[in-house]
Amino acid sequence: MRTSVIVTALGPDRHGLLAAVATTIANENANVDDVSQTVSNSMFTMIMFVSFDETETTLASLQEALDRTGEETGLQIHVQHENIFKFMHRI
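These figures come from a predicted structure and were not determined experimentally.

### What about the packing of helix H1 (residues 17-27) against helix H2 (residues 59-73)?
Two measures define how a pair of helices packs: the angle their axes make with one another and the distance between the axes. Relative orientation of the contacting elements H1 and H2 amounts to 155 degrees, with a least axis distance of 9 Å. Comparing the axis directions of H1 and H2 gives the class roughly antiparallel. Seen along the crossing, H1 lies across H2 with a hand that is right-handed. Along its contact with H1, which presents Leu 17, Ala 20, Val 21, Thr 24 and Ile 25, the element H2 presents Leu 62, Ala 65, Leu 66, Thr 69 and Thr 73.

### Concerning the nonpolar core
Counting 17 residues, the largest nonpolar core has Val 7, Val 21, Ile 25, Val 50 and Leu 66 as the members making the most contacts within it. Secondary structure elements with two or more residues in this core: strand E1 (2-12), H1, strand E3 (43-53), H2 and strand E4 (76-81). By residue number, the principal contributor to this core is E3, which donates five residues. When residues no more than four places from it in sequence are discounted, the contact partners of Val 21 are Met 46, Met 48, Leu 66, Thr 69, Leu 75 and Ile 77.

### Some points on H1
In an α-helix, one full turn covers 3.6 residues, which means residues spaced three or four apart are oriented alike. Within H1, burial applies to Leu 17, Val 21, Thr 24 and Ile 25. Down the axis of H1, the sector holding all buried residues measures 100 degrees, keeping them to one side. Those residues of H1 hidden inside the fold are in contact with E1, strand E2 (30-40), E3, H2 and E4. In the stretch just after H1, Asn 29 is the one whose phi turns positive, near 60 degrees.

### Points about the confidence of the model for the chain
When pLDDT is averaged along the chain, the result is 92; 90% of the residues meet or exceed 70. Taking the mean pLDDT of every element in the chain, the minimum, 64, falls on helix H3 (residues 82-88) and the maximum, 98, on H1.

### Considerations on the environment of Thr 58
Here Thr 58 lies in the loop between E3 and H2. Judged by relative accessible area, which is 40%, Thr 58 ranks as partly exposed. Taking the C-alpha atoms as reference points, Thr 58 and Thr 3, separated by 55 residues in sequence, lie 8.8 Å from one another. At 3.0 Å, the side chain of Thr 58 forms a polar contact with the backbone nitrogen of Ser 61.

### Description of the sheet that holds E2
Pairing is antiparallel in the open sheet, where four strands are placed in the order E2-E3-E1-E4. Strands at the two margins of the open sheet, each flanked by one partner only, are E2 and E4. Ignoring which end each strand starts from, the neighbouring axes of this sheet average 15 degrees apart. Strand direction decides the pairing type here: E1 and E3, joined by eleven bridges, are antiparallel. In the sheet register, Ser 4 faces E3, and the bridge partner there is Ser 51. Contacts between H2 and the sheet are confined to E1, E3 and E4, with E4 contributing the most and set at about 165 degrees to the helix.

Criteria and cut-off values
- Residues numbered from 1 in each chain as written.
- Predicted model: local features only at pLDDT ≥ 70, side-chain atom pairs only at ≥ 80, totals over all residues.
- Heavy atoms only, no water.
- Axes fitted to C-alpha atoms, helices over the stretch in contact; angles between N-to-C directions.
- Helix = DSSP H or I, 4+ residues; strand = E, 2+ residues; numbered from the N terminus.
- Parallel < 35°, antiparallel > 145°, perpendicular 65-115°, else oblique.
- Left-handed = near helix turned anticlockwise from the far one by under 90°.
- Contact = heavy atoms within 4.5 Å.
- Core = buried A, V, L, I, M, F, W, Y, C linked by side-chain atoms within 4.5 Å.
- Buried < 20%, exposed > 50% of the residue type's maximum accessible area, 1.4 Å probe, protein only.
- Arc of directions from axis to C-beta.
- pLDDT = per-residue confidence, 0-100.
- Polar contact = N/O pair within 3.5 Å; in protein donor to acceptor, adjacent residues only side chain to side chain.
- Pairing = 2+ DSSP bridges.

In C-alpha cells:
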C-alpha cells in the first residue's frame, strides 16, 4: 500500500539543504513526487510531496530519519500524512 505524506522544512539558507532532505528520503526508500522551495530573507522554506510503500518503510522511520537530518542541517522538518495535511488546510 502506498502512503503519501507532506514534508515541510524551514530554516536558515545554506548550500545543500534540498539535497540533504532528498537524500534522506531516498535512503528511506521513499520517493519525492513533487517539491517547491523558496529562499526569502535568507530563510529556506520547502514543501515536498513524498510517497512510499509501507512494506519498505514507515511514517515513523521516515520522521526519525528526517529529524536527524534536521538536527544536522539546522532545519525544522515536519512530516504529516497527506490526509491530515488536507484536513488542516481546507477552506
